[in-house]
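Structural characterization, general
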Amino acid sequence: MKQMKNLVILGAGTAGTMMANHLQHHLKQPDWQITIVDEREEHHYQPGYLFLPFDIYAPEDIVKTIEEFIPKDVQLIRQKINRILPKENLIQLSNGEGIDYDVLIVATGAKIAPEETAGMKGAEWQKSVFDFYTFEGALALRNKLRDWEGGKLVVHITEMPIKCPVAPLEFAFLADSFFKHKNLRDKVEITYVTPLSGAFTKPKATAALEHLLDEKGIHIESDFAIEQVDNENKTIVDYGGRAIPFDILVTVPTNKGDDLMERSGMGDDLNYVPTNKATLQSRDYSNIFVLGDASNIPASKAGSVAHFEAEILTDNILHYIKGEPLKAAFDGHANCFIETGGGKALLIDFNYTHEPVEGNFPFAGIGPLRLLKESRMNHMGKLAFRWIYWNVLLKGTHIPFVSANMSESGKHYEAITQH
Amino acid sequence: MKQLLNIKITIMEKIIAGKNITVNEEGYLTDFNQWDEKVGEALATESDISLSPRHWEVVKYLQNEQKSQVPLSIRRVGKSGIVDIKEFYQLFPTAPLKTATKIAGIPKPASCI
């Protein structure tokens, strides 16, 4: 009798859950058993963390169970993972049990590591130093902002890469809006501190975003590589000695891949798994694939990226299983709404080679969404996205008119001669 | 060949250390073959830095990393064993990685994403 094969997915977040839903249509019993491993109970809509501090979303808007998004033929194992033994094709769980795999998908994500920066997780942590990349952090910040009476608000990025690189900018924009509504804006000084040379990593979007920062009276401090948080003097200090005072520091700490990669000897210096950026296959092991924030590919760490990757990875895994060459090529496609406050948002669409530009999306010349321009419609798109996330995206359903590879039509690129 | 590209690349020629070199709009050499130590020194002078043996160790390290296609970051330089981040800032103040790569004649590190 032919033995059943195992496909194992590590991590039941956005990426892992989508992959389980995609693959269950193709890999069925009795030939294949799909297993997904995650120790957590809850699935969080992570983009919602941005809205928690401002009381725009309540906790119940962004928390559901992991279980309700896992198809019934997929086995869910709720255990902590001790190690991956890639040479033995084995997952070792913390309870001592082992899971053999024929194909492994790593989707263990990225998380904040405030301990990487001296003083960040010090005496002021969650008193005047906050993150909003965790549920607890966002909630603590909400409680602080509810009765804060003003002062110096510093929004800060520790180092790149981070999940959702636009989120700290959105935080600054929403803070501007929030304090305007509370009639406190004149008592709040907002400073945006970044290790980059400007507001964003891509030139056109940077110009548009810096214009918005300026318009909203948000001061920018660039090229700031933090050395430490000085809890006593309430300042952040960079390696060059530049010190920026704060009353509230909202920081995005260093982001790292899961410690599991360190324990398994599979990660780089930030615990990201070296991955082929086109095929999403591990560089070291042909039967391991990496999806979403866990990989080291030079794409944004964002749910939209994981969504586009999942469509491509599904094809590639099927090719791999049939012994065919991997064909599908991921182009780094990302698509992000950027909340700009006051009920408006921007939309950006880009990939490895094409930066975000102005234009219309998804239909050339029509829209209805406008790229790199503030609009009410984009904001509605962002709010609608929560519904899409729970009801369409996680289930692995293709989003109509939005392809995994980026479309160049309807976008205003400059035609130039390449040297 | 005509191709759509996302950024407009402006290339300028200039004479430095008696040599004709081409740089992009941010002043980075576009062809490492045009680099030599004299060019490095002249580029350093433009950034108000006079190169000590410690500077050279860092510059050579960055060039080697670039040759082996290792993506450069401040974190990685700090863990290189060549120089720690504090000293890196003392050697190349303000934005050390950007200044040091410019002097080394290699591309400005793409700040990811």
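So, how was this worked out
- Residues numbered from 1 in each chain as written.
- Chains lettered and ligands numbered in written order.
- Predicted model: local features only at pLDDT ≥ 70, side-chain atom pairs only at ≥ 80, totals over all residues.
- Helix = DSSP H or I, 4+ residues; strand = E, 2+ residues; numbered from the N terminus.
- Rg over C-alpha atoms; globule rule 2.2 N^0.38 Å.
- Buried ≥ 20, exposed ≤ 12 C-beta atoms within 10 Å, placed from the backbone.
- Contact = placed C-beta atoms within 7 Å.
- Domains from an automatic or database assignment.
- Axes fitted to C-alpha atoms, helices over the stretch in contact; angles between N-to-C directions.
- Left-handed = near helix turned anticlockwise from the far one by under 90°.
- Nonpolar A, V, L, I, M, F, W, Y, C, P; charged D, E, K, R; others polar.
- Pairing = 2+ DSSP bridges.
- Core = buried A, V, L, I, M, F, W, Y, C linked by C-beta atoms within 7 Å.

Along chain B, the regular secondary structure elements total 5 helices and 3 strands. Going from N to C terminus, chain B has its helices and strands arranged as β-β-β-α-α-α-α-α.

Attention now goes to the overall build of chain A. For chain A, the count of helices and strands is 8 helices and 25 strands. Here the C-alpha radius of gyration of chain A, 22 Å, is about what a compact globule of 419 residues would show, namely 22 Å. Buried positions account for 48% of the 419 residues belonging to chain A. In chain A, of all internal contacts separated by at least 6 residues, the share reaching a separation of at least 24 is 66%.

The next thing to look at is helix α5 (residues 96–104) of chain B. Side chains three or four residues apart in an α-helix point the same way, a direct result of the helix having 3.6 residues per turn. Residues and elements named next belong to chain B. By the criterion of burial, α5 is predominantly enclosed, with 8 of the 9 residues buried. Turning to α5, its buried residues number three or more, namely Pro 96, Leu 97, Thr 99, Ala 100, Thr 101, Lys 102, Ile 103 and Ala 104. Against the buried residues of α5 lie α1 (37–46), α2 (53–67), α3 (74–78) and α4 (85–91). At the C-terminal side of α5, Gly 105 shows a positive phi close to 75°.

Quick look at the domain arrangement of chain A now. Residue and element names in this part refer to chain A. One can read the domain layout of chain A as domain 1 (5–45 + 61–109 + 258–321), domain 2 (112–255) and domain 3 (331–419). Computed over C-alpha atoms only, the centres of domain 1 and domain 2 are separated by 32 Å. Taken together, the contacts link 5 residues of domain 1 with 6 residues of domain 2.

Moving on: the environment of Ser50(B). The residue Ser50(B) is located in the loop between α1 and α2 in this model. Note: C-alpha distance between Ser50(B) and Leu91(B) (41 residues apart in sequence) is 9.4 Å.

Any two packed helices are characterised by how steeply their axes cross, that is the angle between the axes, and by the distance between the axes. Residue and element names in this part refer to chain A. Where helix α1 (residues 14–23) meets helix α7 (residues 303–321), the axes come as close as 9 Å, and the angle between the chain directions of the two elements is 35°. The chirality of how α1 crosses α7 is right-handed. Seen from α1, the contacting residues are Thr 14, Ala 15, Met 18, Met 19, His 22 and Leu 23; seen from α7, they are Gly 303, Ala 306, His 307, Ala 310, Leu 313, Thr 314 and Ile 317. Across the contact of α1 with α7, the residue classes break down as 8 nonpolar, 5 polar and no charged.

Glancing now at unusual backbone geometry. Residues and elements named next belong to chain A. Note the cis peptide between Gln 29 and Pro 30, where omega equals 5°. As for its position among the elements, Pro 30 is in the loop between α1 and β2 (32–37). Following Met 160, the chain continues into Pro 161 via a peptide bond in cis, with omega recorded as 0°. Along the polypeptide, Pro 161 turns up in the loop between β12 (151–157) and α4 (167–181). Notably, Asp 55 is not glycine yet its phi reads approximately 60°, a positive angle. Among the structural elements, Asp 55 can be located in the loop between β3 (42–44) and α2 (59–62). According to the C-beta neighbour criterion, Asp 55 is exposed, with 11 such atoms within 10 Å. Notably, Leu 372 is not glycine yet its phi reads approximately 60°, a positive angle. In this structure, Leu 372 sits in the loop between β24 (367–371) and α8 (376–393). Taking the C-beta count within 10 Å as the criterion, Leu 372 has 24 such neighbours and is therefore assigned buried.

It is worth spelling out the pairing of strand β9 (residues 103–106) of chain A at this point. Residue and element names in this part refer to chain A. What you see with β9 is no split at all: Val 103 and Ile 105 on one side and Leu 104 and Val 106 on the other are buried throughout. With 4 bridges joining them, strand β1 (residues 5–10) and β9 adopt parallel strand pairing. Residue pairing for β9: Leu 10 is matched across the bridge by Val 106. Strand direction decides the pairing type here: β9 and strand β20 (residues 288–290), joined by 3 bridges, are parallel. Looking across to β20, one finds that Ile 105 is bridged to Phe 289.

This next bit is on the nonpolar core. Counting 140 residues, the largest nonpolar core has Met19(A) and Leu291(A) as the members making the most contacts within it. If we skip the residues at most four places from it in the chain, Met19(A) touches Ile9(A), Ile105(A), Ala107(A), Leu291(A), Ala310(A) and Leu313(A).

Turning to the sheet that holds β20(A), a few remarks are in order. Residue and element names in this part refer to chain A. Pairing is parallel across the open sheet formed by 5 strands, whose spatial order is β5-β2-β1-β9-β20. Of all the strands in the sheet, just β5 (75–77) and β20 have a single pairing partner and so form its edges. Averaged over all pairs of adjacent strands, the angle between strand axes in this sheet comes to 20°, irrespective of strand direction.

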